[in-house]
Structure formats: C-alpha cells, structure tokens
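Summary of structural features
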Amino acid sequence: MDKALKIIHISKRNQQEGELEMNTTVVHVGNYVDKDETYAQSVDILSKGGILAFPTETVYGLAADATKEQAVAQIFEAKGRPSDNPLIVHVGRMEQVEALVTDVPETARQLMDAFWPGPLTIVMRMRPNVLANNVTPGLETVGIRMPSHPVALGLLRRLDFPLAAPSANRSGKPSPTEASHVLTDLKGIIPLILDGGSTDVGLESTIIDVTTEEPTILRPGGVTKEQIERVIGPVKADAHLTSDQVPRAPGMKYMHYAPDAPLFVIEPDAALLAEAVQEVHAKGQRVAIVGPEELHTEAADWYFSIGQMDQPEKLAAHLYRALRQCDATEADVILAVAMELEGLGLAFMNRLNKAADGKHYVGE
Ligand code: TXA
Ligand code: MG
C-alpha cells in the first residue's frame, strides 16, 4: 500500500482510540502555485489514491481521483458524509467532458462556453464504467464543473484524471471559505491543504440539470439564474430552492449546516433588529447577528458584518465565515439578515433558510 493511504488508515484507527493523528500540512500557495514542488507533491498524493484540500473560486474542495473507488471512499470517510450523496466531478480541460458523458447537449455547450471555467456545475447523462461507482451512487447522471481558481485549474491540468470533490468541510458544517476552516474540520484526517486564501464567491457552484426537457436549477449558486437565462432562455428552479419552505424530514434527505444555537432569518430593518435583540435580552439570553454593515448595532452581543447592502458579492462571500464565527460565540440565539431573492441573493437565502430550518423572526 502506498504511503498516503497507509497514513490515512492509521490516522483513523488512532482517532478512534484518541491517540496520535496524521500530520496535516498546510502549504500557502496564494492565488498561484509558483512552486513546481507543491504541484508535484499534490499530483503525487492524488495519483496514489490519496486525498487533499484545494481552493476553488466557490469554496474549498476535498479532492480524490474520480476514477478510483478507494480514493473516493476516503472523501466520504473524512467528511463523515452519507455515502449516497453524489459528488461533483471537476475537470481542467473541455475534452475531458466528452469522455465522462454519453452526449453533450447543445444547452450544455452554450453554458460551458459562457460560464466555464467558473461556478457552474452541469448535470449530464453519465457514460458508464468511466467513473468510480461511489462518485454518483445509483445515478445515471454526473455533475461536472471546471473551476476558475488558478490553483484548482493548475492542479487539474497537471492530472490525466478528473477530480471528485465535495466541499472540504465535515458534513453538517458550513462549507470552508478559508484554509483555516478546512484545518478546523479536517486536521489530522487529511495530509495536505493548499491554502489559496479566502475564496472569491464564498457560496457553492450553481447546479443545473440539462437532462430534463427544460433545464432545471437544482441548487442556486455562484452563477445566477438571470445570467443563465440570458444564455439559454427560461430555466426551471424548484420553488423550495428559493422560498423559506424548507422541505422537512423525511423529504430532507441530506444533512445540511445548522448552528448549535437556533438561527432566525430577519428582514433588513433596524427597528425589527432592535426589537429582536431586546426580546432575547429580556430572557437573559445573548444574541449574535450576521448582517450588513449598515445595520451594525452595539446592542447585539456579537455583530458579524459581512459587507454593504449594495454589494451582494461581498455579502455572499462572507456568509459562511460569519456563521462559523457565530458558532464560536456563546450566543443563545443567532439572527441573520435576509437578502433580496434575486441574483446572488437566491443562493444566499437558500443556504440561510436551510441553516435556519425555515425559522423567521417576525416580531410583534
Ligand atoms: O462549488 C462547488 O460546487 C463545490 C466546489 C468544491 O466545487 N463543491 C460542492 O460539492 O459544493 P458538495 O458535495 O458539497 O455539493 C454537491 C452537491 C450535492 O448536493 C449533491 O447532491 C449534488 O451536488 N450532486 C452531485 N452530483 C449530482 C447529480 N448527478 N445529480 C444531482 N445532484 C448532484
Ligand atoms: Mg458541501
């Protein structure tokens, strides 16, 4: 057995026994990997069936060779992810797509031309027997994307296989937008984290299914519905993606992020915020707020400002970090200020409503 694999197995056993963990190395790469040695080390780990964390423009990913079942299995183990939740496959070259799918529909071509490399995952019909079975368990489709982050692209273009990569968080935590988040979640479990700084988009890619009659957005993300419709015309987006009607169990199949303290979505209204803070304090409890700079209030026990209201890109980019910051406080209640349901606001509210499990603070 190769070294990377061996270390991981040992580390797992040791973790269960509460003993020594494996060494997790963090290599600072910034926006470009200028050291061939870092790429060589990464290529070596992945080629031997190991896993590592790398920056993409959306969130950090946890990568493995998508053609090796053993390698992909380690992703599920490291994340503690349900094994029936499919992984996105990342490519560095357009030609790789043809090998992975039975056909590339015209809409997919238009979308790739317009948005790749970038935060758009396209679900197409999978060509059988190319990818490891555990990448898309039980499905006949595969979600593919070409990330635009120079480190991600540089790595992918040095490989002759695609990378299966979910977000590099432990299942149930917000996706990591900084290497430190990955370290918090996966220290001692993975051998290498490529630290490319804070990710630009800060929310995961948009997932669009082009195998249906009318293309369907399965998850709103970094590319907006408006942008997509300008290229391919009307697309469907399931109502539950954008409303606060979060599907409840048993329909809600997969674990999603939920903080320890109850989180309430609140409209961007200073008076309403003041009322909510007062209500929490009246119960002798403490409150953390995630919101725009403009609504900053000293009355809150913690206020995590994520950007100005007229800068949706900033608000989206800083949401996950702020949620992790809230989790690190002793707040009994978290309030998160809503964005408009348009543009990036769709993805923002999709993640926030899930974290809130549909809870809204409406006041009196
Ligand atoms: O921005 C992103 O997409 C990041 C970076 C690392 O690329 N990745 C990411 O992966 O968010 P993950 O595993 O956290 O989320 C992937 C989502 C899951 O909800 C999964 O159910 C869905 O994509 N998915 C994957 N393959 C699919 C398929 N064939 N059909 C429908 N949904 C699929
Ligand atoms: Mg994820």
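Residues numbered from 1 in each chain as written. Chains lettered and ligands numbered in written order. Predicted model: local features only at pLDDT ≥ 70, side-chain atom pairs only at ≥ 80, totals over all residues. Heavy atoms only, no water.

**Things to note about the sheet that holds strand S14 (residues 302–305)**
Spatially, four strands are ordered S12-S15-S13-S14 in an open sheet, and the strand pairing comes out parallel. Every interior strand has two partners, whereas the edge strands, strand S12 (263–266) and S14, have only one. Taking each pair of neighbouring strands and ignoring which way they run, the sheet shows an average axis angle of 20 degrees. Taken together, the four bridges between strand S13 (residues 287–291) and S14 define a ladder with parallel strand orientation. Each bridged residue has a counterpart across the sheet, and for Ala 288 the counterpart in S14 is Trp 302. Of the strands in this sheet, S12, S13, S14 and strand S15 (333–337) touch helix H11 (residues 312–327), which is tilted by about 175 degrees from S13. (Pairing = 2+ DSSP bridges. Helix = DSSP H or I, 4+ residues; strand = E, 2+ residues; numbered from the N terminus. Axes fitted to C-alpha atoms, helices over the stretch in contact; angles between N-to-C directions. Contact = heavy atoms within 4.5 Å.)

**Brief notes about the site of ligand 1**
Residues in contact with ligand 1 amount to 24 residues; listed here are only the nearest, Thr 58, Arg 81, Asn 85, His 90 and Ser 205. Residue Thr 58 places a side-chain N or O atom 2.7 Å away from an oxygen atom belonging to ligand 1. Calculation on ligand 1 without its partners gives an accessible area of 680 Å², and the protein chains cover 87% of this total. Elements with a contribution of two residues or more to the shell around ligand 1: strand S6 (141–145) and strand S10 (216–219). Looking at the shell around ligand 1 element by element, the count peaks at four residues for S6. (Near = heavy atom within 4 Å. Polar contact = N/O pair within 3.5 Å; in protein donor to acceptor, adjacent residues only side chain to side chain. Areas by Shrake-Rupley, 256 points an atom, 1.4 Å probe, with all protein chains shown as cover.)

**Remarks on the pairing of strand S3 (residues 61–65)**
The buried fraction of S3 amounts to five of the five residues, a majority that puts the element mostly inside the structure. Across two bridges, the pairing between S3 and strand S7 (residues 163–164) is antiparallel. Within S7, the residue paired with Asp 65 across the bridge is Leu 163. (Buried < 20%, exposed > 50% of the residue type's maximum accessible area, 1.4 Å probe, protein only.)

**Some words on helix H5 (residues 106–115)**
Taken as a whole, H5 has its buried residues at Ala 108, Leu 111, Met 112 and Phe 115. When H5 is viewed along its axis, its buried side chains cluster within an angular range of 100 degrees and face the same direction. Exposed residues lying more than 90 degrees from the buried face of H5 are Glu 106 and Asp 113. Contacts from the buried residues of H5 go to helix H4 (95–100), strand S5 (120–125), strand S9 (206–209) and helix H8 (225–232). (Arc of directions from axis to C-beta.)

**Focus: the pairing of S15**
For S15, the tally of buried residues reaches five of five residues, placing the bulk of the element in the interior. Neither face of S15 is open: one carries Val 333, Leu 335 and Val 337, the other Ile 334 and Ala 336, and all of them are buried.

**Concerning helix H6 (residues 150–157)**
Taken across its eight residues, H6 has six buried, putting it largely inside the fold. Check the buried side of H6 and you find it contacts helix H2 (36–47), strand S2 (52–54), strand S4 (89–90), S7 and strand S8 (192–195).

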